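# Close look at the chain arrangement
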Amino acid sequence: MKYGIWDLIRDQWTPQPAVLKADITDKTILVTGANTGLGFEAAKHFASMNPGRLILACRNRSKGQVAVES
């Protein structure tokens, strides 16, 4: 499938679906790269969903600790 300039423009104006929230109390969530970027945002989102256990996988322990504190 070819993706052209008009497809890009149309996608910029298409509303995005709402972010899903669920109760994941009995689930264990593992997020890789959780100290920066998309991994950090995903970790914040999962933390708001009340997980049973949230594991943040980072290359550096001190940077991971900074992510936990924020």
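Just so we're clear, the structure is a prediction, and the values are computed from it rather than from any experiment. (Residues numbered from 1 in each chain as written. Predicted model: local features only at pLDDT ≥ 70, side-chain atom pairs only at ≥ 80, totals over all residues. Heavy atoms only, no water.)

Helix and strand counts for the protein chain come out as three helices and two strands. The secondary structure elements of the protein chain, listed N-terminal to C-terminal, are α-β-α-β-α. Over its C-alpha atoms the protein chain spans a radius of gyration of 16 Å, topping by over 25% the 11 Å that the globule rule assigns to 70 residues. Each of the three principal axes of the protein chain carries a C-alpha extent, and together these read 45 × 30 × 25 Å. (Helix = DSSP H or I, 4+ residues; strand = E, 2+ residues; numbered from the N terminus. Rg over C-alpha atoms; globule rule 2.2 N^0.38 Å.)

Attention shifts here to a nonpolar patch on the surface. On the surface, a cluster of nonpolar side chains totalling about 1000 Å² of accessible area is made up of M1, Y3, I5, W6, L8, I9 and W13. By the element assignment, W6 lies in helix α1 (residues 5–13). Residue W6 is classed as exposed on the basis of its relative accessible area of 66%. (Patch = residues over 30% accessible without salt bridge, like charges linked within 9 Å, V, L, I, M, F, W, Y side chains within 5 Å. Areas by Shrake-Rupley, 256 points an atom, 1.4 Å probe, with all protein chains shown as cover. Salt bridge = Lys/Arg side-chain N within 4 Å of Asp/Glu carboxyl O. Buried < 20%, exposed > 50% of the residue type's maximum accessible area, 1.4 Å probe, protein only.)

We now examine the pairing of strand β2 (residues 53–57). Relative to β2, strand β1 (residues 28–32) runs parallel, the two being bridged by five bridges. Within β2, the residue paired with L30 across the bridge is I55. Handedness of the crossover joining β1 and β2 through helix α2 (residues 37–47) is recorded here as right-handed. (Pairing = 2+ DSSP bridges. Right-handed = clockwise from strand over helix to strand, strands pointing away.)

With that settled, the discussion passes to unusual backbone geometry. The phi dihedral of N50 is positive, around 60°, even though this residue is not glycine. Topologically, N50 is positioned in the loop between α2 and β2.

Turning to the pattern of salt bridges, a few remarks are in order. Counted under the stated rule, the structure contains three salt bridges. Two residues, R10 and D7, come together in a salt bridge whose shortest N-O distance is 3.1 Å. With R10 and D7 both in helix α1, this residue pair falls three residues apart, about one helical turn. Salt-bridge contacts for R10 lead to D11; the nearest nitrogen and oxygen are separated by 3.9 Å. On the basis of relative accessible area, R10 is assigned to the partly exposed category, the value being 49%.

Right, let's get into the nonpolar core. Of all hydrophobic cores here, the largest spans six residues; its members are I24, I29, V31, A34, A43 and M49. Beyond its immediate chain neighbours, meaning those up to four positions away, A34 contacts G39, F40, A43, L56, A57, C58 and A67. (Core = buried A, V, L, I, M, F, W, Y, C linked by side-chain atoms within 4.5 Å. Contact = heavy atoms within 4.5 Å.)

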